[in-house]
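In case you want the letters, here they are:
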Amino acid sequence: MKKQRWALLTMLFALMLVLAACGGDKKEDAGKGTDGGTTDGGTTTNEETNTEQEEDGFSISVENEGTAIEGGTLMVAMQKDEPFQGIFSYALYEDAYDADLMEFASNSIFKSDGDFLLTDEGIASFTLTEGEPNIVTIKIREGVKWSDGEPLKIEDLMLPYNIIGHKDYTGVRYNSFFRNIVGAEEYHDGTADTISGLNKIDETTLELQLKEVSPGLFSGGDGILTYAEPSHILSDVPVAELVEHDAIRKNPVTLGAFVIDRVVPGESVQFKANENYWKGKPKLDGVIVKVVPSASIAKALEAGEYDVSLSFGSSKYVEIENLTNIDVLAVPELYYSYLGFKVGKWDTETKEVATDLENSKMGDVNLRQAMAYALNVEEVTEVFYDGLRERANAILPPVFSSFHDASLEGYKYDPDKASQLLDDAGYVDVDGDGIREDKEGKPFEIKFATMSGDDVAEQISAFWLQNWKEIGLNVVYTDGRTIEFNSFYDKVEADDPNIDIFMAAWGVGTNPSPSGVYAHTAAYNFSRYTSENLQTILSNIDSNKSFDATYRAEQFAAFEKEMAEVAPIVPMMYRLELTPVNKRVKNWSVEYGNTTLSNLELVELVADTPVK
């Protein structure tokens, strides 16, 4: 495997010299045991830690049963090569890094199980009464308090709806799901002062009226929101000003195990134990999360600077696989990376996708399919990721086993087929220089936006350019370089005219419905593709007819078929989510439905400092 990798790197070296001033691919994103551990920060032998094997030889949980110290601070590394945004609100945040940070101070009101279904074990529970309209009745526990001691009330559950539905809302969650709420559109358009389908019944009961219901409701879809916002702090703040308010950026109150104590913008967040946590005060004194560049993450873990690493890049696994002071846990991630083609714009007036295949540079389906077949994803997964990623055959990740179709081929590497598609479509090399012209015989340049990252990401990005060059396409970086994470998504979301294609990724959430990303009303629909057929399919997936599991599976299959044939986006890779855990951490799990991040009050440490 290492010989393969060096052979590929050698092939890329000349290309990298030319591209050295540019940049690459997205950052490496988005057990049980016997007595063990030491209390003096010394090493813990492998025999002292028993792990539960689950996924591809990795463990899903680890337990160090040594005597726990009192209190202590959990040190967490967030592998990231640029600052985090720091939007600590579920109604307003836009990327997975802020979501990871909010895990430690969660305002979630529901708990989900291993099948991603909402249970009645959290702060709230709900029941559904089907009819016209459909009634969702949400009940909250009595006695739950915010971290500042204020009681949780129904107004706190209503506030996120009123924020997202407001005409001045600056986020991206006013989508087809939200419009499913009775009265949401009238409130958003200003023809109603309130959302008519949102009603306080009593001090512990909220009623939500929905136009349609589907199985997605039970995974947090169809319009139900799974979090609260503190109305005693935010209700008087103008919605347009919320995203920059101190109560969002610096000192938000929380319902979670910890509360934000100090923020160094973009660099670190310090949390302290929430004295008012509804499940009891955490055993830890606090948590510190720091951004750690990908180039130094492995050394930092080896040196015992951190207890846990979030967003750990699988390309870095080779650098830590032999470390004796950590265990590496893994689960299949709710994730896929993808290649996107800009085939339209976002209409800011109607707040809908405006597809324009006829006039878009990337409007020809043969061109899009050829560019997908040209990419040697299989070699990249093995050479750069040591098999910890696999080529994606469909948009829906395999973790949704009831709906993922493993029989789909997807776009396997086939440069001959790619070349034939381009020939048939009229993209041919007119002047004999090895580069194809457009259908009119004019120079044809495709601008490619991708995120900057570590050296591996840069090498992979250069490899994609080489793949496309091998079939005669002149693909260049947007603005002549790879783009920093936050700027990248700003440009993609704004439909920057210098972006023809882009490489990105999605964490899909626990509701498998693709409407939140591919509906005509979804701001996250970055390719800007829609069609009447696609809209019908997405509506079917989110309809009450989908309570029939066979019907729902058929609609998911129809969705995958249209997306594969039209190819506005092409899924690239699935991956394992790796979590390195230091051997002083007691009871850490990444098992879906039983993750440590949903049970942070139970975390303990068996040494004063991380094991080196």
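Nothing here was measured: the structure is a model prediction, and the numbers come from that model.

### Considerations on the overall build of the protein chain
Tallying secondary structure elements over the protein chain gives 17 helices and 23 strands in all. A principal-axis box enclosing the C-alpha atoms of the protein chain has dimensions of 75 × 65 × 45 Å. As presented, the protein chain carries roughly 24,500 Å² of accessible surface, and 47% of it is formed by carbon and sulfur atoms. In the protein chain, the 52 positive side-chain charges and the 105 negative ones have mean positions that sit 3 Å from each other.

### Some words on the side chain of Arg-389
Residue placement: Arg-389 occurs in strand E16 (residues 389-391). Arg-389 sits in the buried class, given a relative accessible area of 6%.

### What to know about the pairing of strand E9 (residues 268-273)
Relative to E9, strand E8 (residues 258-264) is paired through six bridges, and the arrangement is antiparallel. Each residue of the ladder has a partner; that of Phe-258, found in E9, is Ala-273. With antiparallel pairing between neighbouring strands as the criterion, E8 and E9 make up a hairpin whose turn holds three residues, including Gly-266 at a positive phi of roughly 80°. Here E9 pairs with strand E10 (residues 286-292) via five bridges, running antiparallel. Paired with Lys-272 across the bridge in E10 is Gly-286.

### Things to note about the pattern of salt bridges
Summed over all chains, the structure comprises 25 salt bridges. When the shortest N-O distance is used, the salt bridge between Lys-200 and Glu-203 registers 3.0 Å. On the accessibility criterion, Glu-203 (54% relative accessible area) is exposed. Note that Arg-391 and Glu-378 form a salt bridge whose closest N and O atoms lie 3.0 Å from each other. You can see Arg-391 sitting in strand E16 and its partner Glu-378 sitting in helix H11 (residues 377-383), a full 13 residues away along the chain. Classification of Glu-378 by relative accessible area gives partly exposed; the value is 27%. Salt bridges linked by common partners bring Glu-155, Lys-200 and Glu-203 together as one network.

### A short note on the sheet that holds strand E5 (residues 134-140)
Strand order in the open sheet formed by four strands is E4-E5-E7-E6, and the pairing between neighbours is antiparallel. Each end of this open sheet is capped by a strand with a single partner; those strands are strand E4 (124-129) and strand E6 (198-202). When strand polarity is set aside, the average angle formed by the axes of neighbouring strands in this sheet is 25°. Of the strand pairs in this sheet, E6 and strand E7 (residues 205-210) are connected by four bridges, and their pairing is antiparallel. Of the residues in E7, the one forming a bridge with Lys-200 is Leu-206. Along the sheet, helix H3 (residues 154-165) makes contact with E5, E6 and E7, crossing E6 at roughly 180°.

### Focus on the packing of aromatic side chains
Applying the stated rule across the entire model yields 30 aromatic pairs. Measuring from centroid to centroid gives 5.2 Å for Tyr-427 and Phe-444, while their planes differ by 40°, and the two rings are tilted. With Tyr-427 in the loop between helix H12 (415-425) and strand E17 (445-449) and Phe-444 in the loop between H12 and E17, this pair connects stretches of sequence that are 17 residues apart. With 5.8 Å between their ring centres and 45° between their planes, Tyr-518 and Phe-559 make a pair best called tilted. One end of the pair, Tyr-518, is in helix H15 (residues 515-518); the other, Phe-559, is in helix H17 (residues 549-566), with 41 residues separating them in the sequence. Taken together through their ring pairs, the aromatic side chains of Tyr-97, Tyr-336, Tyr-338, Phe-485, Phe-488, Tyr-489, Phe-502, Trp-506, Tyr-524 and Phe-526 make up a single cluster. Positioned over the ring face of Tyr-97 is Lys-80, at 4.2 Å from the centre of the ring. Taking NZ or CZ as reference, Arg-173 lies 4.4 Å from the ring centre of Tyr-93, over its face.

### Description of the environment of Met-573
Along the chain, Met-573 turns up in strand E20 (residues 569-582). Separated by 68 residues in sequence, Met-573 and Ala-505 place their C-alpha atoms 9.0 Å apart. Met-573 has contacts with Tyr-335, Tyr-336, Ser-337, Val-377, Val-380, Thr-381, Tyr-385, Arg-389, Glu-390, Arg-391, Ala-392 and Trp-464, leaving out every residue within four places of it along the chain.

Calculation notes
- Residues numbered from 1 in each chain as written.
- Predicted model: local features only at pLDDT ≥ 70, side-chain atom pairs only at ≥ 80, totals over all residues.
- Heavy atoms only, no water.
- Helix = DSSP H or I, 4+ residues; strand = E, 2+ residues; numbered from the N terminus.
- Areas by Shrake-Rupley, 256 points an atom, 1.4 Å probe, with all protein chains shown as cover.
- Lys, Arg positive; Asp, Glu negative; His and termini not counted.
- Charge placed at Lys NZ, Arg CZ, Asp CG, Glu CD.
- Buried < 20%, exposed > 50% of the residue type's maximum accessible area, 1.4 Å probe, protein only.
- Pairing = 2+ DSSP bridges.
- Salt bridge = Lys/Arg side-chain N within 4 Å of Asp/Glu carboxyl O.
- Axes fitted to C-alpha atoms, helices over the stretch in contact; angles between N-to-C directions.
- Contact = heavy atoms within 4.5 Å.
- Phe/Tyr/Trp six-rings, centres within 6.5 Å; stacked < 30°, edge-to-face > 60°.
- Lys NZ or Arg CZ within 6 Å of the ring centre and 35° of its normal.

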